[in-house]
Amino acid sequence: MSYTALKTAACRRLRIPDDETSSVRIVRRSIDARRRDVRINLSLRVFAGDNPPELYRKTEFPYVEGKKEAVVVGFGPAGIFAALTLLEHGIRPVVLERGKNVHERLKDTARLSRDGILDPESNYAFGEGGAGAFSDGKLYTRSSKRGDVGRILALLVQHGAEESILWDSHPHIGSDRLPYIIEAMRRTIEEHGGSVLFGKKVTGLMRKGDETEGVVCQDGSEYRGPVILAAGHSAKDVYSFLLSSGCSLEAKSTAIGVRLEHPQALIDSIQYHAAGKRNPFLPPAAYSFVTQAGGRGVYSFCMCPGGVIVPAASEDGLQVVNGMSPSSRGGKMANSGMIAELRKEELEESDPLAMLRFVENVERRCFNPGFAAPAQRMDDFVKGHVSSSLPVSTYPRPLVSAAMDDLLPPFIASALREGFQAFGRMTGGRFLTHDALMIAPETRTSSPVRILRDQNMRQGRGLYPAGEGAGYAGGIVSAAIDGTEAALRLGGDYGCLC
Ligand SMILES: Cc1cc2nc3c(=O)[nH]c(=O)nc-3n(C[C@H](O)[C@H](O)[C@H](O)COP(=O)(O)OP(=O)(O)OC[C@H]3O[C@@H](n4cnc5c(N)ncnc54)[C@H](O)[C@@H]3O)c2cc1C
């Protein structure tokens, strides 16, 4: 619908003349596909007069060279938003990132996809932007109670994201656009006197009793100041040095399973209740399934319409998959994580790294040289057959036909089997199909470890664990909110909030 048509429709609904209205703005857009007549619902705000208010509040950043410094470990969503918040409040962020800048990183992930060669410091988990850089960039979160989602979205728009993320009910940026936005955020930090240093792998804390005074890097360099630790959930070495410095950690429940891939056209026809080509006014369809199987939650996670499956490991010898989609979501396939709950009480061991080791064992069992991935057709898995052939897939490395029952813990495999049958029933049998492919394993859904912190988000004076790796976030927006909050607490504690 054109802008003029929208304006006319809004004026007609409000019974006001068109020429008394200066502009019309979308404030919410959602798709209601529950019935056959799929609807796009719009909420509009209509303005009279010449100066409608700005779409969002632009954040102004002061110049901070020579000001109080704070160290930020990791430049994923939590670290980026922590650094921007410090900057906004007049504190000089010194960001230490073990990986490379996002454009160098692109070359390393391309080599991994093409040749199966992994750089353990530059991959889908490590480097500028963190796991968020090549992520799908879906920005919905259930954590709006925890912080200001609008501010996170506004900062993304300020750095180049499409304005539509401010009003879409399921905002999405796309893995092709995220690197440019992340780079623009880094430039803001650098241009205002902060620093972002690459190839700086933090290997230890400088502690005096309970107080953290700074960090030490692998190259021997030291950085002093209060520390926001936002290293993500793939940085297992960080958990080890925290434990050896006397920090308190605990094992955390998580969820594991597989990536499931269907033809996008099939998902469109299920979700939009129509055979044949999708209506061009509708975006590639997404889905969200959830059920209980034997008292265990089974659900879809991080669904990527028109997306691809990627090898997301950060260590050789371990297999991990994840999914992403470009801004157009124009690919022929749809994928999602299909996962079942894994509770820490179910483990035989209870030490802080018990869940991490459990998950790592699954990743090791699933590994094949060159990151060839174990795969099985969805219907074969449900019937208990190894697939004699595999359908086409977007996973860039070879596929190896395998029985998921041999690779996944038995209680996870049986919960997934039951869940798939339930999802099949919910869709008249269409979702549970011979054309759907399971690729294993999906294990990095949330952190298997929690770094404990008090009500002020600290562990002892000077250490602020934040984001997904600390166990307090599970996605781009929630990690960004957590990083923001950690920076605000730090500013409050050190009397730097201006
Ligand atoms: C392929 C893929 C797709 C995804 N899609 C989505 C999506 O669509 N929507 C969504 O909400 N979430 C998505 N996620 C998850 C999301 O990316 C993460 O939840 C989010 O990035 C977590 O942010 P974080 O800052 O806490 O940690 P990370 O993003 O993991 O960042 C941690 C950073 O710390 C650095 N680091 C680690 N150890 C050290 C060290 N010792 N020294 C210095 N630096 C260190 C790492 O290199 C990394 O850059 C996706 C993830 C992947 C892998």
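Just above, that's the structure.
The structure contained in this document is the topic of the report that follows. All values reported here derive from a predicted model rather than from experimental measurement.

## Regarding empty space enclosed by the protein
Taken as a whole, this structure holds 5 cavities of 30 Å³ or more when the rule is applied. Volume-wise, the largest cavity comes out at about 110 Å³. In this structure, the largest cavity is lined by 14 residues; those nearest its centre are Pro77, Leu156, Leu178, Ile182 and Ile476. Listing elements by their share of the lining of the largest cavity, those giving two or more residues are helix 2 (77-88) and helix 5 (178-191). The element that contributes the greatest number of residues to the lining of the largest cavity is helix 5, accounting for 4 residues. In the lining of the largest cavity, the residues fall into 12 nonpolar, 2 polar and no charged. Volume-wise, the second largest cavity comes out at about 90 Å³. Along the walls of the second largest cavity sit His233, Lys236, Thr254, Leu356, Val359, Glu360, Glu363, Thr443, Arg444, Ser446 and Pro448, which together make up its complete lining. When residues of the lining of the second largest cavity are assigned to their parent elements, the largest contribution, 4 residues, is made by helix 8 (residues 354-365).

## Regarding the sheet that holds strand 18 (residues 399-401)
Judged by pairing direction, the sheet is mixed, and its 7 strands sit side by side in the order 12-13-16-11-19-17-18 without closing on themselves. Looking at strand neighbours, the two that pair on one side only are strand 12 (290-293) and strand 18, the edges of this open sheet. For this sheet, the mean inter-axis angle between neighbouring strands, taken without regard to orientation, is 35°. Pairing of strand 12 with strand 13 (residues 296-304), which is carried by 4 bridges, proceeds in the antiparallel orientation.

## Things to note about the environment of Arg39
Tracing the sequence through the fold places Arg39 in strand 2 (residues 39-47). Counting along the chain gives 243 residues from Arg39 to Leu282, while the straight-line C-alpha distance between them is 9.2 Å.

## Looking at the nonpolar core
Core analysis: the largest hydrophobic core is formed by 63 residues, its most contacted members being Leu156 and Ile228. In terms of nonpolar packing, the next biggest core, distinct from the first, is built from 42 residues, Ala251, Leu407, Leu416 and Ala440 among them.

## Some remarks on the site of the ligand
In the vicinity of the ligand, 37 residues are found, and the nearest of them are Ala78, Glu97, Ala131, Glu468 and Ile476. Between Pro77 and the ligand, the recorded distance is 3.2 Å, taken from a backbone N or O atom to an oxygen atom. In the complex, the protein chains occlude 94% of the 990 Å² of accessible area that the ligand would expose alone. Contributions of two or more residues to the shell around the ligand are made by helix 2, strand 4 (92-97), strand 15 (321-324) and helix 12 (476-493). Its residues placed into classes, the shell around the ligand shows 17 nonpolar, 13 polar and 7 charged. Counting residues domain by domain, the shell around the ligand receives three or more from each of domain 2 (69-251 + 449-493) and domain 3 (254-442).

The rules behind each value
- Residues numbered from 1 in each chain as written.
- Predicted model: local features only at pLDDT ≥ 70, side-chain atom pairs only at ≥ 80, totals over all residues.
- Heavy atoms only, no water.
- 1 Å grid on protein atoms, 1.4 Å probe; cavity = no way out; pocket = protein on both sides within 12 Å on 5 of 7 lines; lining within 4 Å.
- Points joined across faces, edges and corners; volume = space filled by probe spheres on them.
- Helix = DSSP H or I, 4+ residues; strand = E, 2+ residues; numbered from the N terminus.
- Nonpolar A, V, L, I, M, F, W, Y, C, P; charged D, E, K, R; others polar.
- Pairing = 2+ DSSP bridges.
- Axes fitted to C-alpha atoms, helices over the stretch in contact; angles between N-to-C directions.
- Core = buried A, V, L, I, M, F, W, Y, C linked by side-chain atoms within 4.5 Å.
- Buried < 20%, exposed > 50% of the residue type's maximum accessible area, 1.4 Å probe, protein only.
- Near = heavy atom within 4 Å.
- Polar contact = N/O pair within 3.5 Å; in protein donor to acceptor, adjacent residues only side chain to side chain.
- Areas by Shrake-Rupley, 256 points an atom, 1.4 Å probe, with all protein chains shown as cover.
- Domains from an automatic or database assignment.

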